[in-house]
Amino acid sequence: MIEDPSPDGGGPSPYDVLAPAGVTPWTTHKDMRDVSFELLARHLMTPATQQAWDEVRGVRRRLLVDLLLYDVDLAAELPLAAADIDRELTAVSTEQPPPDATLPEEAIARLLDGLIRFDV
């Protein structure tokens, strides 16, 4: 899972804070309600872990946290992304801009349009 970076630097993910207790995004809601007992048994219940547990123990709040997580298979996606970047750079480099010129805005826009995709 990849977490969308918070623009306000909101601190660590609740899942990162609760990881020592075995909490992951795949932890069931039933198991999540009992995490406090695991935290207490391992002497891990601190104000930070209490706040993290509060964020993910309720369904509505957990959905908000999970909204910013993306299930991405990096091993499969990285080679495809590298190939896309190489292809776009090759296409841009064949336009042969003058040696002292920067890339035109149209070329930059095409490069970004080709690299940014929204898969559902």
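Below you will find a few notes about this structure. Model, not experiment: these values are computed from the prediction. (Residues numbered from 1 in each chain as written. Predicted model: local features only at pLDDT ≥ 70, side-chain atom pairs only at ≥ 80, totals over all residues. Heavy atoms only, no water.)

**Quick word on the packing of aromatic side chains**
And then number 1: A complete count under the given rule lists zero aromatic pairs for this structure.
And then number 2: When the ring centre of Trp 53 is taken as origin, the NZ or CZ atom of Arg 57, which lies over that ring, is 4.3 Å away. (Phe/Tyr/Trp six-rings, centres within 6.5 Å; stacked < 30°, edge-to-face > 60°. Lys NZ or Arg CZ within 6 Å of the ring centre and 35° of its normal.)

**Brief notes about the pattern of salt bridges**
A side chain of one charge can pair with a side chain of the opposite charge when the charged atoms of the two come close.
And then number 1: A full pass over the atoms with the stated rule returns five salt bridges.
And then number 2: A salt bridge links Arg 87 to Asp 84, with the nearest nitrogen and oxygen atoms 2.9 Å apart. Taken as a pair, Arg 87 and Asp 84 lie in helix H6 (residues 74-93) at a separation of three residues, close to a single helical turn.
And then number 3: The exposure class of Arg 87 is partly exposed, given its relative accessible area of 47%.
And then number 4: It is possible to trace a salt-bridge network through shared partners that takes in Asp 84, Arg 87 and Glu 88. (Salt bridge = Lys/Arg side-chain N within 4 Å of Asp/Glu carboxyl O. Helix = DSSP H or I, 4+ residues; strand = E, 2+ residues; numbered from the N terminus. Buried < 20%, exposed > 50% of the residue type's maximum accessible area, 1.4 Å probe, protein only.)

**Digging into the packing of helix H4 (residues 47-57) against helix H5 (residues 59-66)**
And then number 1: For the pair H4 and H5, the least separation of the axes is 5 Å and the interaxial angle reads 100°. Taken together, the axes of H4 and H5 are roughly perpendicular relative to one another. Where H4 abuts H5, its residues Asp 54, Glu 55, Val 56 and Arg 57 lie against Val 59, Arg 61, Arg 62 and Val 65.
And then number 2: For the contact of H4 with H5, the per-class residue count stands at three nonpolar, no polar and five charged. (Axes fitted to C-alpha atoms, helices over the stretch in contact; angles between N-to-C directions. Parallel < 35°, antiparallel > 145°, perpendicular 65-115°, else oblique. Contact = heavy atoms within 4.5 Å. Nonpolar A, V, L, I, M, F, W, Y, C, P; charged D, E, K, R; others polar.)

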